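Fold and contact review
This is what each chain is made of:
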Amino acid sequence: MTQTLQTWLLAWREAFTCIGLGVRDARHAGLWWRSALWCMAVVALWLGLYGCFGRFFVELSAMLALVSVTGLLGLGVMDGVGTLANGPATLSQMGNIAGGLGSAAKALLSIGQIALALLALATLFYVMVFIVGAIGTARLPLRWLLLERAKAVAARRYAPWQPPAGLELSSPRPVWRRLLLLLSLLIPVWAMCVLVSYLLAWNVRMIYGAAAEDVLGAEQQAALRRAQRPAIAALGLLLCLLMLIPVFNLLVPALLCSSVCHLQRRGWRTTGSATNVE
């Protein structure tokens, strides 16, 4: 337990350090203004799409909400499901008028709860489609728009480096552990935690291989990624939190590229000594 806590504390410290180095590097090679202009262009594009095809996005959000509510009803996790599932009260159950009115009121309350859930989920999906679409569009040109410049800036600040000597010998994750992870997704709460963690690290993982392709092979990249998994998760969470800060979130694409470059280079070691920032 102590070792795990220490590992995550070091991961968070490394993530904060890489974010700070990324902010410093964003001032160079035109990274900051390219990132800001591209983010504004993406937001304007999706606002235009929502304006021109608003009905389509409303219907899409409503359909996603309906599917979600149907799944929740099937699992029986929503209040009032029992009333609807059992159908209307029979004559034997309605021995008096008060009992009949009470049953009808419960049914109406259940219908109202489901309608409110549909409305809330539809609103959530309407916003989430915009966010996911904008983030996905913003990621498309990062490799040629920002990453190569970020790699050039980061390379100036480090002494010559090469992969750690034991990196090639790192064994991949056993097959049985991957199968166990897939089976664990059947557990509702655990599955949500796993999916959230993967989504948080998604942006970092997307750019991770491209930032190392000139130096590391595929096996070396996988080995280094496994070694830096806690730091990758922490860095992904910090970048997601930075998206919530107005104006500063325009620099997130540049920070993503720069911080990943620093994370990798700080994880690599030169022969016989650590890689030091100049």
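Figured I'd write up the structure that's included with this text. (Residues numbered from 1 in each chain as written. Predicted model: local features only at pLDDT ≥ 70, side-chain atom pairs only at ≥ 80, totals over all residues. Heavy atoms only, no water.)

Regarding the overall build of the protein chain
Counting its regular elements, the protein chain contains 12 helices and two strands. The linear arrangement of helices and strands in the protein chain, starting from the amino end, is α-α-α-α-α-α-α-α-α-α-α-α-β-β. The buried share of the protein chain, reckoned over its 278 residues, is 34%. Once local pairs closer than 6 in sequence are excluded, the contacts in the protein chain between residues at least 24 apart make up 84%. Accessible surface, the protein chain: about 16600 Å² in total, of which carbon and sulfur atoms supply 72%. (Helix = DSSP H or I, 4+ residues; strand = E, 2+ residues; numbered from the N terminus. Buried < 20%, exposed > 50% of the residue type's maximum accessible area, 1.4 Å probe, protein only. Contact = heavy atoms within 4.5 Å. Areas by Shrake-Rupley, 256 points an atom, 1.4 Å probe, with all protein chains shown as cover.)

Concerning the layout of surface pockets
Taken as a whole, the largest pocket holds about 990 Å³ of empty space. Lining the largest pocket are 27 residues, and of these Ile131, Val132, Ile135, Asn203 and Met243 lie nearest its centre. Among the elements of the structure, α2 (31-52), α5 (97-139), α8 (188-200), α9 (202-212), α11 (229-242) and α12 (252-267) are those that each provide at least two residues to the lining of the largest pocket. Considering every element that reaches the lining of the largest pocket, the biggest residue donor is α5, with eight residues. When its residues are assigned to classes, the lining of the largest pocket shows 24 nonpolar, two polar and one charged. (1 Å grid on protein atoms, 1.4 Å probe; cavity = no way out; pocket = protein on both sides within 12 Å on 5 of 7 lines; lining within 4 Å. Points joined across faces, edges and corners; volume = space filled by probe spheres on them. Nonpolar A, V, L, I, M, F, W, Y, C, P; charged D, E, K, R; others polar.)

A short note on the nonpolar core
Residues Leu235, Leu239 and Val260 are the most contacted members of the largest nonpolar core, which totals 36 residues. Mapped onto this core, the elements with two or more residues apiece are α1 (2-25), α6 (142-156), α9, α11 and α12. (Core = buried A, V, L, I, M, F, W, Y, C linked by side-chain atoms within 4.5 Å.)

Some details on the side chain of Asn203
Here Asn203 is to be found in helix α9. Once residues within four sequence positions are removed from consideration, Asn203 is found in contact with Ile135, Arg139, Met243 and Leu256.

Description of the pattern of salt bridges
Inspection of the entire model under this criterion finds six salt bridges. In this structure, Glu59 engages Arg55 in a salt bridge whose closest nitrogen and oxygen atoms are separated by 3.1 Å. A residue pair is termed a helical-turn pair when its members lie 3 or 4 positions apart in one helix, as Glu59 and Arg55 do in helix α3 (residues 54-75) at four residues. Here Glu59 falls in the partly exposed class, since its relative accessible area comes to 46%. A salt bridge links Lys151 to Glu148; its shortest N-O distance comes to 3.8 Å. Highlighted residues: Lys151 and Glu148, both in helix α6, separated by three residues, approximately one helical turn. (Salt bridge = Lys/Arg side-chain N within 4 Å of Asp/Glu carboxyl O.)

Comments concerning the packing of α9 against α11
The relative placement of two packed helices is expressed as an angle between their axes plus a distance between the axes. Where α9 meets α11, the axes come as close as 8 Å, and the angle between the chain directions of the two elements is 120 degrees. Comparing their axes, α11 and α9 come out oblique. Viewed along their axes, α9 and α11 form a crossing whose handedness is right-handed. In contact with Val204, Arg205 and Tyr208 of α9, α11 contributes Arg229, Ile232, Leu235, Gly236 and Leu239. Tallied by class, the residues present in the contact of α9 with α11 amount to five nonpolar, one polar and two charged. (Axes fitted to C-alpha atoms, helices over the stretch in contact; angles between N-to-C directions. Parallel < 35°, antiparallel > 145°, perpendicular 65-115°, else oblique. Left-handed = near helix turned anticlockwise from the far one by under 90°.)

So, unusual backbone geometry
Backbone geometry places Ala29, a non-glycine residue, at a positive phi of 55 degrees. When you line up the elements, Ala29 lands in the loop between α1 and α2. Taking relative accessible area as the criterion, Ala29 reaches 30% and is therefore assigned partly exposed. Look at Val247: it is not a glycine, yet its phi comes out positive at around 70 degrees. Its place among the elements puts Val247 in the loop between α11 and α12. A relative accessible area of 64% places Val247 in the exposed class.

Describing the environment of Ala154
Note that Ala154 resides in helix α6. A relative accessible area of 0% means that Ala154 is categorised as buried. Sequence spacing of Ala154 and Ser258 is 104 residues, and the spatial spacing of their C-alpha atoms is 7.2 Å. Non-local contacts of Ala154, meaning those with residues more than four positions away in its chain, are made with Asp25, Cys261, His262 and Arg265.

A look at the packing of aromatic side chains
Enumeration according to the criterion identifies six aromatic pairs in this entry. Aromatic pair Tyr50 and Tyr126: ring centres 4.9 Å apart, planes at 65 degrees, arrangement edge-to-face. Taken together, the positions of Tyr50 in helix α2 and Tyr126 in helix α5 put the pair 76 residues apart, joining distant regions of the chain. What makes Tyr126 partly exposed here is its relative accessible area of 30%. Residue classification places Tyr50 among the buried positions, given a relative accessible area of 9%. A connected cluster of aromatic rings, assembled from ring pairs, spans Trp46, Tyr50, Phe56, Phe57, Tyr126 and Phe130. For Arg139, the ring lying beneath its charged end belongs to Trp202, and the centroid distance is 4.2 Å. (Phe/Tyr/Trp six-rings, centres within 6.5 Å; stacked < 30°, edge-to-face > 60°. Lys NZ or Arg CZ within 6 Å of the ring centre and 35° of its normal.)

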